[in-house]
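Reading the structure
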Amino acid sequence: MTEPTPVRIRPEIAGLPPYRQGKQAAADAFKLSSNENPFDPLPHVAEVLRSRVDVNRYPDATAARLRDRLAARYGVAPDEVHIGAGSVALLYQLVQAAAGAGDEVIYAWRSFEAYPSMVVVSGAERVEVPLTADGRHDLPAMAAAVTDRTRVIVVCSPNNPTGPVVTQREFDDFVQAVPGDVLIILDEAYAEFVTAPDAVDGLRELGIVRPNVVALRTFSKAYGLAGLRVGYAIGHRRVLDAARATAIPLSVTAQAEEAALASLDAEDELRARVRVIADRRDRLAAGLREAGWDVPEAQGNFVWLATGAQTLEAAAAFEAGNVIVRAFAGDGIRVTVGEAESVDEVLRIAASIVDTLPEGHRGRRLR
Ligand code: PMP
């Protein structure tokens, strides 16, 4: 039994485990457990960080320079952009703004592991709609799960941890099927890695045509600024006002804002890096399939191995080979696309695991 709390804590919070981070790795191991970017910061970005030392001052509460820059880039008004300390902060703000006790929040499962806690913290109820067998969102089932208590639906494309995208067509049909007063959060943390031409692009119509859709993007993944915590939401100004009202004030630091601006100055270089990672991902996924793995469409900077009941043994085999992966017990393993040298290591270890899976295992390709 867990130790009782000395003060009265909301029971659902007292029973809630803290966010479980990807495992840390020894210096000589590949850390492929957190979907981080393997590249060092661009010299230009590192220089900006070194020069920004006035830490005795508070940052600008709205990160207005970054907001204006993104607004100009996407052709929207500044108040249709909202900056947060990572897109996870924006997720929490939006859910808190729209859902409370007695309400429901729908998301696909398995998906980003912060979703369940974010809903519990808001006081609302979780409605988890299983992914299809190939790791995709089942959007018709998600639309069918809507009740008059539904306030928010989160759609994650590409889906962390399984990898497939939602197509634009699927998303358009979904938006049509959902009542217009339900907030749809399109979590596109990995959007920059997407190469599938039919994938949804939340910034295509920018929440203006669809006032109930908010798109979330981040500087953590493609831009390699995970340690600085900065992401953004684009959507209807009144919806974003509600998120701004629930935000912890002043949580986006001046360093994060400056580094994001500097990254936007260096986009050509960053895009080239993203292409390298996407190519490496395709090579990794192809190699895994060749070895006998049934790898779902991989459109983020990670691949999914459906190791099922063998997950912990498989993760241990990776760890023994100095590769730290993310294991979801009973379900599967997510492997981040990391350094170039990590690819062959992952392939070597994964090939040794697949042969240990029983015939007919869902992680294996049918031959
Ligand atoms: N959404 C998804 C789907 C993610 O995988 C992550 C990070 N793992 C986030 C949001 C949050 O990223 P950040 O807060 O660093 O922007």
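Residues numbered from 1 in each chain as written. Predicted model: local features only at pLDDT ≥ 70, side-chain atom pairs only at ≥ 80, totals over all residues. Heavy atoms only, no water.

To continue, consider the overall build of the chain. Scanning the chain for helices and strands turns up 12 helices and 11 strands. Here the C-alpha coordinates of the chain stretch approximately 55 × 50 × 50 Å along the principal axes. The buried share of the chain, reckoned over its 367 residues, is 53%. Residue pairs at least 24 apart in sequence account for 73% of intrachain contacts in the chain once pairs closer than 6 positions are excluded. Carbon and sulfur atoms form 53% of the exposed surface of the chain, whose accessible area is close to 16,700 Å². Seen as two clouds, the 40 positive and the 50 negative side-chain charges of the chain have centres 2 Å apart. (Helix = DSSP H or I, 4+ residues; strand = E, 2+ residues; numbered from the N terminus. Buried < 20%, exposed > 50% of the residue type's maximum accessible area, 1.4 Å probe, protein only. Contact = heavy atoms within 4.5 Å. Areas by Shrake-Rupley, 256 points an atom, 1.4 Å probe, with all protein chains shown as cover. Lys, Arg positive; Asp, Glu negative; His and termini not counted. Charge placed at Lys NZ, Arg CZ, Asp CG, Glu CD.)

Further remarks concern the sheet that holds strand β7 (residues 213–218). Read from one edge of the open sheet, 7 strands run β2-β8-β7-β6-β5-β3-β4, paired in mixed fashion. Of all strands in the sheet, those with a lone pairing partner are β2 (81–84) and β4 (125–130), marking the two edges. For this sheet the average axis-to-axis angle between neighbouring strands, irrespective of direction, equals 20 degrees. In terms of strand pairing, strand β3 (residues 104–109) meets strand β5 (residues 150–156) through 4 bridges, oriented parallel. (Pairing = 2+ DSSP bridges. Axes fitted to C-alpha atoms, helices over the stretch in contact; angles between N-to-C directions.)

With 63 residues, the main nonpolar core has L66, L70, I83, F219, W293, F318 and I333 as its most contacted residues. Non-local contacts of I333, meaning those with residues more than four positions away in its chain, are made with V303, W304, L305, T307, T311, A314, A315, F318, V325, R326 and A327. L91, Y107, V152 and L183 belong to the second-largest nonpolar core, a separate cluster that totals 23 residues. (Core = buried A, V, L, I, M, F, W, Y, C linked by side-chain atoms within 4.5 Å.)

With that settled, the discussion passes to the pairing of β4. Of the strand pairs in this sheet, β3 and β4 are connected by 6 bridges, and their pairing is parallel. Bridge pairing in β4 links W109 to P130. With helix α5 (residues 114–122) bridging β3 and the parallel β4, this β-α-β connection has right-handed handedness. (Right-handed = clockwise from strand over helix to strand, strands pointing away.)

Here we come to the pattern of salt bridges. Summed over the entire model, instances satisfying the criterion amount to 28 salt bridges. In this structure, the salt-bridge partner of R110 is D331, at a minimum N-O distance of 2.7 Å. Linking R110 in the loop between β3 and α5 with D331 in the loop between β10 (323–328) and β11 (332–336), this pair joins segments that are 221 residues apart in sequence. A salt bridge links R362 to D331, with the nearest nitrogen and oxygen atoms 3.0 Å apart. Within this pair, whereas R362 is found in the segment after α12 (340–354), its partner D331 is found in the loop between β10 and β11, the two being separated by 31 residues in sequence. Classification of D331 as buried rests on a relative accessible area of 18%. Each of R52, D54, R65 and E258 takes part in a single network of salt bridges with overlapping partners. (Salt bridge = Lys/Arg side-chain N within 4 Å of Asp/Glu carboxyl O.)

The full set close to the ligand counts 13 residues, and S87, D187, Y190, T218 and S220 are the nearest of them. Within the contact set of the ligand, an oxygen atom lies 2.6 Å away from a side-chain nitrogen or oxygen of T218. A distance of 2.6 Å is found between an oxygen atom of the ligand and a side-chain nitrogen or oxygen belonging to S220. (Near = heavy atom within 4 Å. Polar contact = N/O pair within 3.5 Å; in protein donor to acceptor, adjacent residues only side chain to side chain.)

It is worth spelling out the packing of helix α4 (residues 87–98) against helix α8 (residues 237–246) at this point. Following both chains from N to C, one finds α4 and α8 inclined at 105 degrees, their axes separated by 8 Å at the closest point. With respect to α8, the element α4 is oriented roughly perpendicular. For the pair α4 and α8, the contacting residues are Q93, L94, Q96 and A97 in the first and V239, A242, A243 and T246 in the second. In terms of residue class, the contact of α4 with α8 is built from 5 nonpolar, 3 polar and no charged. (Parallel < 35°, antiparallel > 145°, perpendicular 65-115°, else oblique. Nonpolar A, V, L, I, M, F, W, Y, C, P; charged D, E, K, R; others polar.)

This part takes up unusual backbone geometry. Cis geometry is found at the peptide bond from W109 to R110, where omega equals 15 degrees. Following N160, the chain continues into P161 via a peptide bond in cis, with omega recorded as 15 degrees. One can find P161 in the loop between β5 and α7 (168–177). At R229, a residue that is not glycine, the phi angle is positive and equals roughly 65 degrees. Inspection of the secondary structure puts R229 in the loop between β7 and β8 (231–234).

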